[in-house]
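Descriptive structure summary
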Amino acid sequence: MSQRIPLKLEVDPIIDAVIEIRLEASASLSDVLPGALLPTLGENIASIERLPTANFPKQIRDSDPNLAYQPLVKIDLDGYILLIGDRSVTLACPIPYPSGAVFKQKAIDVFEKILQLPIVKSVSRFSMKYTDFIEGDSLKDLIKYLKINMSAGKNDISQLNGLNLQFDVTEDKIHSLI
């Protein structure tokens, strides 16, 4: 028996939605993208801000894996946040979450403009992250929202104090961490 999945929940639990692409480019994205996006997105840009990580010299950012994909420039774009690093671009969605269709269209509009730039050679990684927050006094109050059967030793899932689940799935050469 299949169950109808709603397009939008009455109380949306999404508190953070982020799409990141990591790119191979012929120049540092943080140096080129703000100016390259100005002609096509200019009227939608409320502000452009240099972030503290931009103060690290490029040689250090390139040699340290912890800094390689960190954002250096923040652009306020129609209420969305566009974060640009040397090799990455991230689109973050505002709260309240507008809907999957609206966020998807915004991401397509922005990323199409970026991927068409001649400095972009290839995409090395694409990721989407959604953070949900469902309020409740205990795990027992929240378990009714999950369709899962699980136990830990002698304890049923409803007797646990907390729960973190991570699913690692590979399908058609696409690795998903859920």
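Our subject in this report is the structure included herewith. No experiment lies behind these values; they were computed from the predicted model shown.

The rules behind the values
Residues numbered from 1 in each chain as written. Predicted model: local features only at pLDDT ≥ 70, side-chain atom pairs only at ≥ 80, totals over all residues. Heavy atoms only, no water. Patch = residues over 30% accessible without salt bridge, like charges linked within 9 Å, V, L, I, M, F, W, Y side chains within 5 Å. Areas by Shrake-Rupley, 256 points an atom, 1.4 Å probe, with all protein chains shown as cover. Salt bridge = Lys/Arg side-chain N within 4 Å of Asp/Glu carboxyl O. Helix = DSSP H or I, 4+ residues; strand = E, 2+ residues; numbered from the N terminus. Buried < 20%, exposed > 50% of the residue type's maximum accessible area, 1.4 Å probe, protein only. Core = buried A, V, L, I, M, F, W, Y, C linked by side-chain atoms within 4.5 Å. Contact = heavy atoms within 4.5 Å.

1. Overview of a nonpolar patch on the surface
- On the surface, Leu115, Val123, Phe126, Met128 and Tyr130 cluster together to form a nonpolar patch covering roughly 480 Å² of accessible area.
- Ranked by the residues each element gives to the nonpolar patch, the list is headed by strand β6 (residues 120-132), at four residues.
- The residue Val123 is located in strand β6 in this model.
- Accessibility expressed as a relative area gives 43% for Val123, which makes it partly exposed.

2. A look at the nonpolar core
- Core analysis: the biggest nonpolar cluster contains 30 residues, and Leu33, Leu82, Val89, Phe103, Phe111 and Ile114 have the highest contact counts within it.
- For this core, the elements supplying multiple residues, two or more each, are β1 (14-25), α1 (29-41), β3 (71-77), β4 (80-85), β5 (88-92) and α3 (100-115).
- Ignoring sequence-local partners within four residues, the contact set of Val89 consists of Ile19, Glu20, Ile21, Leu23, Leu29, Leu33, Leu82, Leu83, Phe111 and Ile114.

3. Some thoughts on the pattern of salt bridges
- This structure, assessed with the given rule, holds six salt bridges.
- We note a salt bridge from Lys58 to Asp62, for which the minimum N-O separation is 3.0 Å. A residue pair is termed a helical-turn pair when its members lie 3 or 4 positions apart in one helix, as Lys58 and Asp62 do in helix α2 (residues 58-63) at four residues.

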